[in-house]
Amino acid sequence: MFTYLLKRLIEMIPTLIGITLISFFIIQLAPGKPTDVLADLNPKMTPEARERLEKYYNLDKPTHVQYWMWLKRVVKLDFGDSFSTDRRPVWTKIKERLSITILINSLALLLIFIIAIPIGVSSAVRPYSVYDKITTIIVFIGFAIPTFWFALLLMILFGVNLHWLPISGLKSMGYEGFSAFGKIWDKVNHLILPVTLEAFGGLAGLSRYMRSNMLEVIRQDYIMTARAKGLPETKVIYKHALRNALLPVITILGLSIPGLIGGSVIFENIFGIPGMGQLFYQAVMMRDYPVIMGVLTIGAILTLVGNLLADIGYALADPRIRAR
Amino acid sequence: MGESANSLSVSPFLPLFRSFNYMTQPTLKNLFWHRFKKNRLAVIGGIIVFGLFAVSIFAPFIAPHNPDAINVKHVLESPSFSHLFGTDDLGRDILSRVIYGSRISLSVGFVAVGIATVIGIIFGALSGYYGGWFDTVIMRFVDIMLSIPTFFLILAVIAMLEPGIWNIMIVIGITSWMGVARLVRAEFLSLKEREFVLAARALGASDLRIIFRHILPNAMSPVLVSAVLGIAGAVLVESALSFLGIGVQPPTASWGNILTIGKDNIEIAWWISVFPGLAIFVTVLAYNLLGEGIRDSIDPRLKI
């Protein structure tokens, strides 16, 4: 088990270097320089000042040299300073916003897990029944609904028409004056819509996947054995079949993390949540290279850590892997 | 399946029927159409896709108003007979803008998926056929691409380029070929061991000829299915990008950028948000139904 984890951990390093390498070169390939935006903002900027600036940020060096210098700094968690007017270190900026993005994504992942699995199992137990057909239709609709549009619809319904939920930000006005319970309640209220929507995107796929896994497992011989020895059907389904059908789902959960993180750009933008997605969006609009690279790297690390956690979960659940 | 077996067994002309069936053995194509026509949802999906094409081609004849005509007297009007979907903050007719927006979505979907499919086929075919270190490198590359939050990468690249429809097509294409590459590679791994490949090689066919003329045509059905499903994905990504303001730029109408105006006026004008989103939803649903239908009709056992 320990050597397995160590191996997985070591395998992560070349992948991470590969990700940063690809990101770095793709961004550098694009025409236009980051100093373009600075020059646009400041019409008084002379070509000499611009050159000085490029020298300061090492933009005059060839791309592979820039990458090497960047990589050497990143190992020490130093992503450089932001190009934006505040000139703050990128890592500080990311740190402020990391926790809320991780919170929303973990809650969403949890919600997907809690809802998708019972749906998948219950429709697999009665395949081609009315219930199964209805869930299939809902899944198809879930696949096709653009989540940002669904977000707007829910905002209109719950925020504008019913006034049940706030539609923007993380805190209400006068948040500081609330009691401790009031503060928590306020935060929960602000998180309901973003978390629900973030989860909604992954729900359809996972429940479908769970259904086909379950159908496969139910056909196995050991299920027939369990039934033949007279076990109650609930025990056959929830103890014998479910455990085995769950295994591949763990991996799928790990694989769905890049999508979730990518989706946070849209949700944080719609709901005005000050998270990593919003930071990235602002950085992209300003061509703030250091922040863009920083967020891409952190996003990739989160993805790899998520995959690693999924592997650990898999190993814990499956004795065959644990033995290796 | 059950029905046709039944009708055969009650037929008094069963022997005749059998020999008849044997003489004109159903071709793969006929079998495909037979299965496809029975799948009601897939047929509906196909009809909607066809209708969308008609709408985008004949947009100037269908749209009741000029989609770009600004009219300050009719700003933010709710749906009425003269403006079925209402008007936006500049008094433009939403219905006309949604109709013209279909052109953007369809062309982005097709070109982006075309690019992704070509890249995926080339990488997947070479990787599966040659194997060895080349295969290892390419598959490692695919794994890495799959663990980058793709939407982040697309955003970063688009922002560095000038946002515009061609750049969007290219960027969506080069960030979504990985699935196709894996499919094609898997097909090649099994097909390259078959006798017809050996026969072609014995006849002195070159590697490239074997790959593209002999193996690839046999590996195309899963690629076709994933392409149709991929169009749905590309339409979604394009609308999300335009929604964020880095896709198709106003005044050109796209479903995504109409929704941006909807979001800005969400407290006073629901109709701007509802209708373009509905158009995206119907389009994506139709492509998904069509794709799944084609998959089930080509080979019900196919898993993608």
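Described below are features of the structure shown in this document. Predicted, not measured: the structure shown is a model, and the values here were computed from it.

### Details of the overall build of chain B
Along the backbone of chain B there are 15 helices and zero strands. Here chain B holds 304 residues, and 47% of them are scored as buried. Sequence-distant contacts in chain B: of pairs separated by 6 or more residues, those separated by 24 or more amount to 72%. When the accessible surface of chain B is totalled, it reaches about 15100 Å², and 67% of it is carbon and sulfur.

### Examining the overall build of chain A
For chain A, the count of helices and strands is 14 helices and zero strands. Considered along the principal axes of its C-alpha atoms, chain A spans approximately 85 × 55 × 40 Å. Considering chain A as a whole, with its 324 residues, one finds that 48% of them fall into the buried category. Across chain A, the fraction of contacts at a sequence separation of at least 24, relative to all contacts at a separation of at least 6, is 71%.

### Re empty space enclosed by the protein
Residue and element names in this part refer to chain A. The final tally for this structure, using the stated rule, is two cavities of 30 Å³ or more. Counted as a void, the second largest cavity has a volume near 30 Å³. Considering the residues around the second largest cavity, the lining is formed by Ile 119, Ser 123, Thr 135, Thr 136, Val 139, Ser 207, Arg 208 and Arg 211. Mapped by element, the contributors of at least two residues to the lining of the second largest cavity are helix 5 (90–125), helix 6 (130–144) and helix 8 (180–218). Across the lining of the second largest cavity, the residue classes tally to two nonpolar, four polar and two charged.

### Focus on the packing of aromatic side chains
Throughout the structure, instances matching the rule amount to 19 aromatic pairs over all chains. Between Phe150(A) and Phe200(A), the ring centres sit 4.6 Å apart and the planes meet at 35°, which makes this aromatic pair tilted. Residue Phe150(A) is located in helix 7 (residues 147–161), and its partner Phe200(A) is located in helix 8; the two are separated by 50 residues in the primary sequence. For the pair Trp270(B) and Phe275(B), a centre-to-centre distance of 6.3 Å together with 50° between the ring planes defines the contact as tilted. For Phe275(B), a relative accessible area of 16% translates into the label buried. These aromatic residues form a ring-pair network of at least three members: Phe24(A), Phe25(A), Tyr67(A) and Trp70(A). Note that Arg126(A) overlies the ring of Tyr131(A), its terminal NZ or CZ placed 5.5 Å from the centroid.

### Remarks on the side chain of Arg211(A)
All names here are of chain A. Considering the arrangement of structural elements, one finds Arg 211 in helix 8. Residue classification places Arg 211 among the buried residues on the basis of a relative accessible area of 9%. Polar contacts involving the side chain of Arg 211 include one to the side chain of Asp 132, which spans 2.9 Å. Non-local contacts of Arg 211, meaning those with residues more than four positions away in its chain, are made with Gly 120, Ser 123, Ala 124, Pro 127, Tyr 128 and Asp 132.

### Focus on unusual backbone geometry
Between Pro250(B) and the following residue, Pro251(B), the backbone shows a cis peptide bond with an omega angle of 10°. Relative to the elements of secondary structure, Pro251(B) occurs in the loop between helix 13 (220–243) and helix 14 (255–264). Here the phi dihedral of Tyr128(A) falls at roughly 65°; this positive angle occurs in a residue that is not glycine.

### With respect to the interface of chain B and chain A
Facing the 41 residues of chain B at the interface are 45 residues of chain A. Interface area lost by chain B to chain A is led by Phe152(B), Met160(B) and Ile266(B), which between them contribute 20%. Where chain B meets chain A, there are zero salt bridges. Seen at the junction of chain B and chain A, the total is four residue pairs in polar contact (both at pLDDT 80 or more). Breaking the side of chain B that touches chain A down by element, the ones donating at least two residues are helix 7 (132–147), helix 8 (150–160), helix 13, helix 14 and helix 15 (270–298) of chain B.

### Digging into helix 10 (residues 178–191) of chain B
All names here are of chain B. The first and last C-alpha atoms of helix 10 sit 20 Å apart over 14 residues, in line with the 20 Å expected at 1.5 Å per residue. Restricting attention to buried positions, one finds in helix 10 the residues Met 178, Val 180, Ala 181, Leu 183, Val 184, Phe 188 and Leu 191. Considering only its buried residues, helix 10 is in contact with helix 6 (94–130), helix 7, helix 11 (195–202), helix 12 (207–215) and helix 13.

### So, the nonpolar core
By size, the foremost hydrophobic cluster in this structure holds 150 residues, and its most contacted members are Met214(A), Phe271(A), Phe280(A), Ile292(A) and Leu155(B). Judged by nonpolar contacts, the second largest core, of 17 residues, contains Ala125(B), Tyr129(B), Phe188(B) and Ala219(B).

### With respect to the pattern of salt bridges
All names here are of chain B. Enumeration over the complete set of coordinates arrives at 10 salt bridges over all chains. A salt bridge links Asp 143 to Arg 140; its shortest N-O distance comes to 3.6 Å. Highlighted residues: Asp 143 and Arg 140, both in helix 7, separated by three residues, approximately one helical turn. Accessibility expressed as a relative area gives 31% for Asp 143, which makes it partly exposed. Of the residues examined, Arg 140 reaches a relative accessible area of 36% and is grouped as partly exposed. Among the ionic pairs, Arg 295 bridges to Asp 296, the shortest N-O distance being 3.6 Å. Take Arg 295: its relative accessible area is 13%, and that puts it in the buried class.

### Some details on helix 10 (residues 233–255) of chain A
Residue and element names in this part refer to chain A. Between its first and last C-alpha atoms helix 10 spans 32 Å; for 23 residues at 1.5 Å apiece the expected length is 33 Å, and the two agree. Along its length, helix 10 reaches its greatest deviation from straightness, about 45°, at Leu 242. Along helix 10, the residues classified as buried are Val 236, Ile 237, Ala 241, Leu 242, Ala 245, Leu 247, Val 249, Ile 250, Leu 253 and Gly 254.

### Quick notes on a nonpolar patch on the surface
There is a patch of nonpolar side chains on the surface, built from Leu103(A), Leu107(A), Leu110(A), Phe113(A), Ile114(A) and Ile115(A) and spanning about 480 Å² of accessible area. With respect to the element layout, Phe113(A) can be found in helix 5.

### Points about the side chain of Asp132(A)
Residues and elements named next belong to chain A. Note on placement: Asp 132 falls in helix 6. Its relative accessible area of 2% is what places Asp 132 among the buried residues. Other than its neighbours up to four places away in sequence, Asp 132 contacts Ser 123, Arg 126, Pro 127 and Arg 211.

### Looking at a positive patch on the surface
All names here are of chain A. Taken together, the side chains of Lys 229, Lys 235, Lys 239 and Arg 243 make up a positively charged region of the molecular surface. Secondary-structure assignment places Lys 229 in the loop between helix 9 (221–228) and helix 10. Note on Lys 229: relative accessible area 59%, which makes it exposed.

Calculation rules
- Residues numbered from 1 in each chain as written.
- Chains lettered and ligands numbered in written order.
- Predicted model: local features only at pLDDT ≥ 70, side-chain atom pairs only at ≥ 80, totals over all residues.
- Heavy atoms only, no water.
- Helix = DSSP H or I, 4+ residues; strand = E, 2+ residues; numbered from the N terminus.
- Buried < 20%, exposed > 50% of the residue type's maximum accessible area, 1.4 Å probe, protein only.
- Contact = heavy atoms within 4.5 Å.
- Areas by Shrake-Rupley, 256 points an atom, 1.4 Å probe, with all protein chains shown as cover.
- 1 Å grid on protein atoms, 1.4 Å probe; cavity = no way out; pocket = protein on both sides within 12 Å on 5 of 7 lines; lining within 4 Å.
- Points joined across faces, edges and corners; volume = space filled by probe spheres on them.
- Nonpolar A, V, L, I, M, F, W, Y, C, P; charged D, E, K, R; others polar.
- Phe/Tyr/Trp six-rings, centres within 6.5 Å; stacked < 30°, edge-to-face > 60°.
- Lys NZ or Arg CZ within 6 Å of the ring centre and 35° of its normal.
- Polar contact = N/O pair within 3.5 Å; in protein donor to acceptor, adjacent residues only side chain to side chain.
- Buried area = accessible area lost by both parts, 1.4 Å probe.
- Salt bridge = Lys/Arg side-chain N within 4 Å of Asp/Glu carboxyl O.
- Expected span 1.5 Å × (residues − 1).
- Core = buried A, V, L, I, M, F, W, Y, C linked by side-chain atoms within 4.5 Å.
- Bend = angle between axes of the 7 residues up to and from the residue.
- Patch = residues over 30% accessible without salt bridge, like charges linked within 9 Å, V, L, I, M, F, W, Y side chains within 5 Å.
- Lys, Arg positive; Asp, Glu negative; His and termini not counted.
- Charge placed at Lys NZ, Arg CZ, Asp CG, Glu CD.

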